[in-house]
Amino acid sequence: ELLAILLRVGVEGESAVALGTRLLDELQGIAGIHAAELEELCNVHGIGLAKAAQIKAALELGSRLHQKTLEERPVIDSPERAYEVLKFDILENSRETLWILALNTRHRLLKKKKLYQGTRSFSSVRVAEIFEFALLQHAAAIILAHNHPSGEPYPSQEDLRITQEIRKAGEILEIPLLDHLIIVPGAFQSLKKEHKGIFDSSNYAS
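Fair warning: this is a prediction, and the values are worked out from it, not measured in the lab.

Calculation criteria
Residues numbered from 1 in each chain as written. Predicted model: local features only at pLDDT ≥ 70, side-chain atom pairs only at ≥ 80, totals over all residues. Heavy atoms only, no water. Salt bridge = Lys/Arg side-chain N within 4 Å of Asp/Glu carboxyl O. Helix = DSSP H or I, 4+ residues; strand = E, 2+ residues; numbered from the N terminus. Buried < 20%, exposed > 50% of the residue type's maximum accessible area, 1.4 Å probe, protein only. Pairing = 2+ DSSP bridges. Core = buried A, V, L, I, M, F, W, Y, C linked by side-chain atoms within 4.5 Å. Contact = heavy atoms within 4.5 Å.

### Quick notes on the pattern of salt bridges
If the charged atoms of two oppositely charged side chains come close together, the side chains can form a pair. For the structure shown, the criterion picks out nine salt bridges. Here Lys193 makes a salt bridge to Glu80, at a shortest N to O gap of 3.2 Å. With a gap of 113 residues between them, Lys193 in helix H9 (residues 191-194) and Glu80 in helix H6 (residues 79-91) connect regions that are remote in the sequence. Residue Glu80 is classed as partly exposed on the basis of its relative accessible area, which comes to 37%. Between Glu84 and Lys87 there is a salt bridge whose closest N-O contact spans 3.2 Å. Of this pair, Glu84 and Lys87 both sit in helix H6, three residues apart, roughly one helical turn. The class for Glu84 is partly exposed, based on a relative accessible area of 30%. The class of Lys87 is buried, set by a relative accessible area of 18%. Taken together, the salt bridges that share partners define one network made up of Glu14, Arg22 and Glu26.

### So, the pairing of strand E2 (residues 109-117)
Relative to E2, strand E1 (residues 97-103) runs antiparallel, the two being bridged by seven bridges. Bridging across to E2, Ile100 finds its partner in Lys113. As consecutive antiparallel partners, E1 and E2 are separated by five residues, and within that stretch His107 has a phi angle of approximately 60 degrees, a positive value.

### With respect to the nonpolar core
With 23 residues, the main nonpolar core has Ile100, Val125, Ile130, Phe131, Ile142, Leu144 and Ile166 as its most contacted residues. Contributing elements (two or more residues each) for this core: E1, E2, helix H7 (127-136), strand E3 (141-147), helix H8 (157-173) and strand E4 (177-184). If sequence neighbours within four positions are ignored, Ile142 has contacts with Ile100, Leu101, Ala102, Ile130, Phe131, Ala134, Ile175, Pro176, Leu177, Leu178 and Asp179. With 19 residues, the next largest nonpolar core counts Ala31, Leu91, Trp99 and Leu103 among its residues.

In structure tokens:
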């Protein structure tokens with residue numbers, strides 16, 4: 001219905017609400033629409049350049065409001081909260097990206113950063129790159145997240161292996177890895193919850 005307000009009218013035989021529903025279905029939800037290029041939106045029957053531009057502008061305003069909220073340094077006290085902080089950044093990319101959240105002693109967000117995009121996979125990340133950023137931010141803890149362009153939120157064996165290496169390095173540096181999320185449109189997996197053998201007893205709550 002919100003999309004229908006932006007679309008204003010539908011196409012022959014299809015109301016604006018029905019067109020909005022079809023758009024959500026074809027692009028896998030609002031996150032998929034946000035991630036889509038303008039040309040991809042225009043390729044959907046009934047969505048011309050003007051409508052596509054209006055939708056992208058509305059989503060960009062929402063994204064900027066979300067970023068403004070992040071500037072208030074939210075407390076990351078659950079996998080769900082970490083997901084909310086990162087999902088718009090990660091899902092706007094069609095290629096694999098790795099993000100890091102640096103947290104203070106109370107697990108309040110200090111800074112987030114995209115460590116890489118596209119040309120590498122998570123399994124090729126260097127542990128030193130992750131903790132270089134964490135040390136520069138004087139972080140007391142970190143959370144990692146990356147996406148799977150395949151749309152499957154399940155870790156590979158390499159994902160699990162490098163996560164364990166990062167966790168062990170964090171123990172030595174006294175900067176614990178609280179969690180590693182895999183985020184795809186409409187879903188995410190917390191490795192801390194689903195693969196408890198990798199993580200120590202460190203909690204999200206400070």
